[in-house]
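Secondary and tertiary structure notes
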Amino acid sequence: MRSGWTFGFVLAGAGLLAALPAPGQPDTSAQRDAADGVERHVVRIVVDGAISPASAEFIQKAIDEAGETGAEALVILLDTPGGLVESTRVIVQSMMASRVPIVVYVAPSGARAGSAGVFLTLAAHVAAMAPGTNIGAATPISMGGGGLPGGPAPADSAIDETGGGDPLERKILNDTVAFIRTIAERRGRNADWAEKAVTEAVSVTETAALEQNVVDLVAPTLPALLEEIDGREVELVDRRAVLRTAGAEVRTLEKGLRFKILDTIANPNIAFILMMIGIYGIFFELMNPGAILPGVVGGISLLLAFFALQALPVNYAGVLLILFSLILFIAEVKVVSHGLLTVGGVVAFVLGATMLFDSPGSLMRVSWSVIIPAALLTAGFFAIVMGLAWRAWKAKPTTGREALVGERGVVRRRIDPEGQVMVHGELWRARAEEVFDPGESVEVVGVEGLTLEVRRF
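In this report, the structure presented in the accompanying data block is examined. Along each chain, residue indices are assigned from 1 in the same order as the chain's sequence is written. Local features are withheld for residues below a pLDDT of 70 in this predicted model, meaning they are given only at 70 or higher, and side-chain atom pairs are given and counted only at 80 or more; totals for whole chains, interfaces and linings count all residues. Based on all heavy atoms of the structure, the side-chain values leave hydrogens and waters out of the count.

Our focus in this paragraph is the side chain of Lys255. A run of DSSP states H or I qualifies as a helix once it reaches four residues; a run of E qualifies as a strand once it reaches two. Both are numbered from the N-terminal end. Looking at where Lys255 falls in the secondary structure, it is placed in the loop between β11 (249-252) and α10 (257-265). Partly exposed residues are those whose accessible area sits between 20% and 50% of the maximum for their type, while under 20% is buried and over 50% is exposed, using a 1.4 Å probe and protein chains only. For Lys255, a relative accessible area of 18% corresponds to the buried category. Residues contacting Lys255, with those up to four places away along its chain left out, are Val46, Phe58, Lys260 and Asp263. Should any heavy atoms of two residues lie within 4.5 Å, those residues are counted as being in contact.

Pasting the structure below:
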């Protein structure tokens, strides 16, 4: 009996030893969760193109989704040339207040985190880059439009050693420097480099970024990244969390139809084109009631344009200038100005298009390759099509009683003061203030009922 109990204890001890990890093999989070029956996952989203209100809304939704589903982390695959400052601030605020660890991964190879992308990368709990990527050039574009998006500020807009330069541009630059230094210091990254990215538009490769403590690591693939950050401790807004990402399921959050539409039409060029199509469509419908198709297309285009404009920094002075240009084009058709109204309309149209979006960078402005053809098309439309319509409206009627006025006729029965005349091969009763004999030519000057008023031709 005693030997049986001893044998049982030996078997139990052997099973316990078998369950323990072997020497030199640490207990991974995957093993722990497998033992606990917990399924771990991370949420993955792709943010490419310019940072816009649509991007900000999508990232905020992804943060909420990751929190609601209990994700280990939200991974943002980033590839952007820059974008709107206000949208960038909204995203950074959401990242700073996130209760879910956020990993920004500049990928794939060839991607960049330019301008606004620098702020997003620095604001992440974990910042990573793929081989062959770069980060930097976060200088705010001057209000005068100098420089390139994400490029160095023009010489007259930079702060010189004596504190010169335009006050507004110094204010924007100083505010941006303070903003990016705050982010870098909060995340324990190189704040001096971050400042230079704004003031000097410096840009570095992934290797230099890692050496200068701009990012935390370089990883060739997303699975390799998740393996490498496993066990890393990050500081959230309300607690410290240990990442358990090794072997975690990657759930990709795709942009819904609404986000895809908004992301597409939130392009200033697309929004501008939609607005012009809407104006043309409504105008055609008003000129040709019952055509239906122009009105339907114009109405849909205008609604989409308004939907896009709510997500863009619209300058209403630009909208008013475009509407004023259309008024000038219409006036040119009815007023003899020898082309002055058309010239004024083109100038107002171009100025309105360039001012339509209140953004200092060219990423959120209407391209000249769109403005010039649109201006020429609009001027040509009103000069040719509206001109033809106006002449047709002013032209003499060719049918009905109104068409008889001004026509010639031949007297068939003596007019004294009434008689008969032949006009257009038809006999009409005629009346005149003088006497006409048969065979004389007359001109119709009026129609009263079925009687023509004529005079000597």
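Now that the structure is up, let's keep going.
Attention now moves to the packing of helix α3 (residues 53-68) against helix α4 (residues 85-96). Only the stretch in contact is used when a helix axis is fitted, and all axes are lines through C-alpha atoms; the angle between N-to-C directions ranges over 0 to 180 degrees. Direction vectors running N to C along α3 and α4 enclose 10°, while the axes themselves pass 8 Å from each other. Accordingly, the angle class assigned to the pair α3 and α4 is roughly parallel. Together, Pro53, Ser55, Ala56, Ile59, Gln60 and Ile63 of α3 and Ser87, Val90, Ile91, Ser94 and Met95 of α4 make up the contact between the two elements. Amino acid classes used here: Ala, Val, Leu, Ile, Met, Phe, Trp, Tyr, Cys and Pro are nonpolar; Asp, Glu, Lys and Arg are charged; the rest, including Gly, are polar. Residue composition of the contact of α3 with α4, grouped by class: 7 nonpolar, 4 polar and no charged. For classification purposes, angles smaller than 35 degrees are called roughly parallel, those larger than 145 roughly antiparallel, those between 65 and 115 roughly perpendicular, and all remaining angles oblique.

Moving on: the sheet that holds strand β2 (residues 74-79). Paired strands are those between which DSSP finds at least two bridges. Taken in spatial order, the 6 strands make up an open sheet running β8-β5-β3-β2-β1-β11, and their pairing is parallel. Because the sheet does not close on itself, it has two edges, and the strands there are β8 (217-218) and β11. Note that strand β1 (residues 41-48) and β11 share 4 bridges and pair parallel. Bridge pairing in β11 places Arg44 opposite Thr252.

The aromatic pairing rule takes the rings of Phe, Tyr and Trp, using the six-membered ring of Trp, and pairs them if the centres are within 6.5 Å, calling planes under 30 degrees apart stacked, those over 60 edge-to-face and the rest tilted. By the definition in use, this model includes 2 aromatic pairs. Between Phe119 and Phe179, the aromatic rings sit 5.3 Å apart at their centres with planes inclined by 20°, giving stacked as the arrangement. Of the two residues, Phe119 sits in helix α5 (residues 116-123) while Phe179 sits in helix α6 (residues 167-186), which places them 60 residues apart along the sequence. Neither Phe119 nor Phe179 differs from the other in exposure class; each is buried. Lysine and arginine charges are scored as sitting over a ring when NZ or CZ, respectively, is within 6 Å of the ring centre and within 35 degrees of the ring normal. Above the plane of the ring of Phe179 lies Arg89, whose end atom (NZ or CZ) is 4.1 Å from the centre.

Sheet strands line up and pair through hydrogen bonds in the backbone, either parallel or antiparallel. With mixed pairing, the 3 strands of this open sheet are ordered in space as β4-β6-β7. In the strand order of this sheet, the two ends are held by β4 (112-114) and β7 (203-205), each with one partner. Here the strands of the sheet are splayed against their neighbours by 15° on average, with no regard to which way each runs. Alignment of β4 against strand β6 (residues 134-136), held across 3 bridges, turns out to be parallel. Residue pairing across strands places Gly114 opposite Gly136, the latter belonging to β6. Packing of α5 onto the sheet brings it into contact with β4 and β6, and relative to β4 it is tilted by some 105°.

Positionally, Val366 belongs in the loop between α14 (340-355) and α15 (368-394). The buried category is assigned to Val366, whose relative accessible area is 9%. When the C-alpha positions of Val366 and Ile273 are compared, they lie 9.5 Å apart, and in sequence the two are 93 residues distant. Apart from the residues lying within four places of it in its own chain, the contact partners of Val366 are Pro268, Asn269, Phe272, Ala353, Leu356, Phe357 and Ile371.

Turning to the packing of α10 against helix α12 (residues 293-309), a few remarks are in order. At a minimum axis distance of 9 Å, the contact between α10 and α12 shows a crossing angle of 85°. Comparing their axes, α12 and α10 come out roughly perpendicular. Mapping the contact onto sequence places Arg258, Leu262 and Ile265 in α10 and Leu304, Phe307 and Ala308 in α12. Split into classes, the residues belonging to the contact of α10 with α12 amount to 5 nonpolar, no polar and 1 charged.

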